[in-house]
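Fold and contact review
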Amino acid sequence: MQIQTPDWVKHAVFYQIFPDRFAKSKEPHKRVLTTVSWEEWDEMPTLQGYKGGDLWGVVEQLDYLQSLGINAIYFTPIFQSASNHRYHTHDYYQIDPMLGGNEAFKDLLVACHDRNIKVVLDGVFNHSSRGFFFFHDVLENGPYSPWVDWFKIHGWPLSPYNGEFPANYEGWADNRALPVFNHDNPEVREYIMEIAEYWIKLGIDGWRLDVPFEVKSPGFWQEFRDRVKAINPEAYIVGEVWEDSSEWLDGTQFDGVMNYLFAAPTIAFAAGDRVDMTQVQDRSYHPYPPLFAAEYGDKIEYLLQLYPWEIQLTQLNLLASHDTARLISIAGGDRSSVELSTLLLLTFPGAPSIYYGDEVGLPGRLDPDSRRGFPLEAHWENDVLDYHRQLISIRHNYPALRTGSYKVLYAQGALYVFARILDAQELIIAVNAGTADVTASIKLEGLTSQPSKVLYGMGEVSWSDNEDTLNINIPSRSGSIFAAS
């Protein structure tokens with residue numbers, strides 16, 4: 001079969017927003033919670049506290065995001081919930097009133113689309129919450145509830161809060177707060193499909209699916225894709241799968257996944273032995289042990305062979321998310337590790353995703369620390385912002401970085417060099433992850449031009465007289481992008 005994926009994703013630069021922590025509106029939009037005492041914005045976040053960010057605050061920051069080069073936003077959950085992260089859904093048809101409700105979301109959607117910024121929402125469809133109306137009815141009425149078969153109930157009575165007694169129902173990861181749906185029930189299946197259709201009809205541009213690998217019902221995600229794409233063939237469907245995702249990337253289910261298989265080796269190469277193991281050991285990706293260039297190249301070439309090319313171009317590539325520590329903290333504060341990783345991210349096939357605040361140097365260890373409030377401008381690392389803007393601009397200006405082929409040219413020691421090629425446009429990217437300057441002569445085949453103009457970085461190149469050998473010098477802990485003059 002011919003695989004079809006949304007064309008716009010191939011040209012997107014995503015920005016991941018955790019709504020409670022990104023921006024609090026300056027205008028007095030809220031009609032409720034106007035006198036509530038939020039957590040102080042700049043204090044360390046807690047697992048259960050709120051800082052009061054809202055969707056009108058995001059609208060007020062769209063000029064900033066546009067100036068950064070962002071043209072797509074992925075929001076972690078925004079539906080009504082009793083948690084600051086909102087993965088405990090109460091109502092799939094209502095935007096959380098603390099975020100401004102449905103009114104604020106409609107304003108946001110219009111404002112984003114006026115700027116040609118796409119909006120992707122987080123769909124938590126494996127489980128709901130104790131506050132979800134249907135499950136609450138079961139708690140109130142027990143086996144007499146009409147919704148009993150919507151969940152995986154094993155006995156009576158249910159114990160949603162008291163851990164001294166058996167829960168008697170299945171919660172995701174044994175968490176009583178997250179009752180798991182019975183996806184084999186046709187009514188549950190239809191309910192979830194209708195939620196997906198409702199928001200696509202309203203105008204969202206896609207769904208990011210939370211733990212979709214937990215849904216085992218045959219044909220579920222195939223039907224989900226068919227029904228979403230019937231409304232908008234260009235809607236983006238991206239799953240949260242941390243490992244080999246071949247099962248879901250056959251063209252009948254997802255357009256891509258959150259590409260932790262890119263993040264892990266990239267961090268292991270760029271940060272090397274600087275990685276703070278306490279920040280990564282219990283995660284479902286492995287940015288360790290340190291990799292030399294040859295090992296990194298092998299992992300990248302394996303990854304690029306793992307899925308069809310059409311899928312590669314719509315992967316959601318990332319270096320950090322709300323589920324990980326931030327890269328600057330993983331790398332023990334080493335700023336070069338972040339810059340090298342960001343260079344590799346912005347030059348890789350697929351849609352890069354920037355976790356809010358990473359572009360201004362926001363640190364953060366594992367949750368809840370990685371979900372800090374977006375810093376005031378006085379606390380920005382402006383050099384970090386500058387190279388993010390520069391790299392995003394280069395990506396937008398050179399189609400080869402978005403849809404061109406990827407060819408490893410050299411991978412020895414700490415020096416990794418590759419080309420992105422689209423028709424006559426050829427770019428060479430070189431990264432030196434080592435602590436010493438590197439000079440190398442690279443015999444090239446397959447390039448028709450001689451990239452020598454420096455688009456980014458402090459590296460230098462020259463070509464030998466026979467025109468097939470590139471002489472390259474890259475300073476320590478740095479990277480460069482070269483294009484034809």
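A short tour of the structure in this document, coming up.

Conventions adopted
- Residues numbered from 1 in each chain as written.
- Predicted model: local features only at pLDDT ≥ 70, side-chain atom pairs only at ≥ 80, totals over all residues.
- Heavy atoms only, no water.
- Pairing = 2+ DSSP bridges.
- Helix = DSSP H or I, 4+ residues; strand = E, 2+ residues; numbered from the N terminus.
- Axes fitted to C-alpha atoms, helices over the stretch in contact; angles between N-to-C directions.
- Parallel < 35°, antiparallel > 145°, perpendicular 65-115°, else oblique.
- Left-handed = near helix turned anticlockwise from the far one by under 90°.
- Contact = heavy atoms within 4.5 Å.
- Nonpolar A, V, L, I, M, F, W, Y, C, P; charged D, E, K, R; others polar.
- Phe/Tyr/Trp six-rings, centres within 6.5 Å; stacked < 30°, edge-to-face > 60°.
- Buried < 20%, exposed > 50% of the residue type's maximum accessible area, 1.4 Å probe, protein only.
- Polar contact = N/O pair within 3.5 Å; in protein donor to acceptor, adjacent residues only side chain to side chain.
- Core = buried A, V, L, I, M, F, W, Y, C linked by side-chain atoms within 4.5 Å.
- Salt bridge = Lys/Arg side-chain N within 4 Å of Asp/Glu carboxyl O.

What follows is about the sheet that holds strand β5 (residues 118-123). One closed barrel holds the 8 strands; their spatial order is β1-β2-β5-β6-β7-β8-β9-β10, and the pairing between them is parallel. Averaged over all neighbouring strand pairs, the angle between strand axes comes to 25°, with direction disregarded. Note: strand β9 (residues 316-318) against strand β10 (residues 351-355), 3 bridges, orientation parallel. Of the residues in β10, the one forming a bridge with Asn317 is Pro352.

The next subject is the packing of helix α8 (residues 260-270) against helix α12 (residues 335-346). At their nearest, the axes of α8 and α12 sit 9 Å apart, and the two run at 140° to each other. As summarised for this structure, α8 and α12 are arranged oblique, according to the angle between their axes. Where α8 crosses over α12, the handedness of that crossing is right-handed. On α12, the residues touching Phe262, Thr266, Ile267, Phe269 and Ala270 of α8 are Ser337, Leu340, Ser341, Leu344 and Leu345. Looking at the contact of α8 with α12 residue by residue, the classes come out as 7 nonpolar, 3 polar and no charged.

A few words now on the packing of aromatic side chains. The geometry of two aromatic rings is summed up by the distance between their centres and the angle between their planes. On inspection of all chains with the given rule, the structure shows 49 aromatic pairs. With a centroid separation of 4.4 Å and an interplanar angle of 85°, the aromatic rings of Phe134 and Trp147 are classed as edge-to-face. Taken together, the residues Phe134 in helix α5 (residues 133-141) and Trp147 in the loop between α5 and α6 (186-202) connect sequence positions 13 residues apart. The buried category is assigned to Phe134, whose relative accessible area is 13%. Centre to centre, the rings of Tyr296 and Tyr416 are 4.9 Å apart; their planes meet at 75°, and the pair counts as edge-to-face. Within this pair, whereas Tyr296 is found in helix α9 (residues 293-306), its partner Tyr416 is found in strand β12 (residues 415-422), the two being separated by 120 residues in sequence. The buried category is assigned to Tyr296, whose relative accessible area is 0%. For Tyr416, a relative accessible area of 0% gives the class buried.

Turning our eyes to something else, we now look at the environment of Pro77. Locating Pro77 in the fold gives a position in the loop between β2 (72-75) and β3 (79-81). As a C-alpha pair, Pro77 and Lys229 span 152 residues in sequence and 21 Å in three-dimensional space. Beyond its immediate stretch of four places on either side in the chain, Pro77 contacts Pro19, His85, Arg86, Tyr87, Asp122 and Val124.

Further remarks concern the environment of Arg115. Along the chain, Arg115 turns up in the loop between α4 (101-114) and β5. When its relative accessible area of 25% is taken as the criterion, Arg115 is described as partly exposed. Taking the C-alpha atoms as reference points, Arg115 and Leu47, 68 residues apart in sequence, are found 34 Å from one another. With near-sequence residues (within four places) excluded, Arg115 lies in contact with Leu62, Asp63 and Gln66. Engagement of the side chain of Arg115 in a polar contact is seen with the side chain of Gln66, the distance being 3.5 Å.

For the rest of this paragraph, the subject is the environment of Asp54. The residue Asp54 is located in the loop between α1 (19-22) and α2 (55-60) in this model. With relative accessibility at 0%, the residue Asp54 sits in the buried group. A sequence separation of 24 residues divides Asp54 from Ile78, and the C-alpha atoms of the two residues are 9.4 Å apart.

Looking now at unusual backbone geometry. Note that the residue after Trp156, namely Pro157, is joined by a cis bond; omega there is -5°. You can see Pro157 is positioned in the loop between α5 and α6. In this chain, Tyr288 is followed by Pro289 through a cis amide linkage whose omega measures -5°. In this fold, Pro289 is placed in the loop between α8 and α9. In the Ramachandran plot, Arg86 falls in the positive-phi region, its phi being about 65° despite a non-glycine side chain. The residue Arg86 is located in the loop between β3 and β4 (89-95) in this model. The phi dihedral of Arg477 is positive, around 50°, even though this residue is not glycine.

The strand order across the open sheet built from 3 strands is β14-β17-β16, with neighbouring strands paired in antiparallel fashion. A strand with exactly one partner marks an edge of an open sheet, and here the two such strands are β14 (438-443) and β16 (460-463). Here the strands of the sheet are splayed against their neighbours by 15° on average, with no regard to which way each runs. Inspection of the sheet shows β14 paired to strand β17 (residues 469-474) by 6 bridges, in the antiparallel sense. Residue pairing in the sheet places Lys443 in a bridge with Thr469 of β17.

Now for the nonpolar core. Membership of the largest hydrophobic core comes to 146 residues, with the highest contact counts inside it found for Phe14, Tyr15, Phe75, Phe105, Trp207 and Phe224. Counting residues in each nonpolar core, the second largest holds 19 residues, with Leu415, Leu470, Ile474 and Phe482 among its members.

This brings us to the pattern of salt bridges. The final tally for this structure, using the stated rule, is 26 salt bridges. Between Arg21 and Asp20 there is a salt bridge, with its nearest N and O atoms 2.7 Å apart. For Asp122, the salt bridge goes to Arg208, with nearest N and O atoms at 3.0 Å. In this pair, Asp122 is assigned in strand β5 and Arg208 in strand β6 (residues 206-209), connecting sequence segments 86 residues apart. Linked by salt bridges that have partners in common, Arg189, Glu190, Glu197, Glu223 and Arg227 make up one network.

Purely spatial values, then, with no claim about function.
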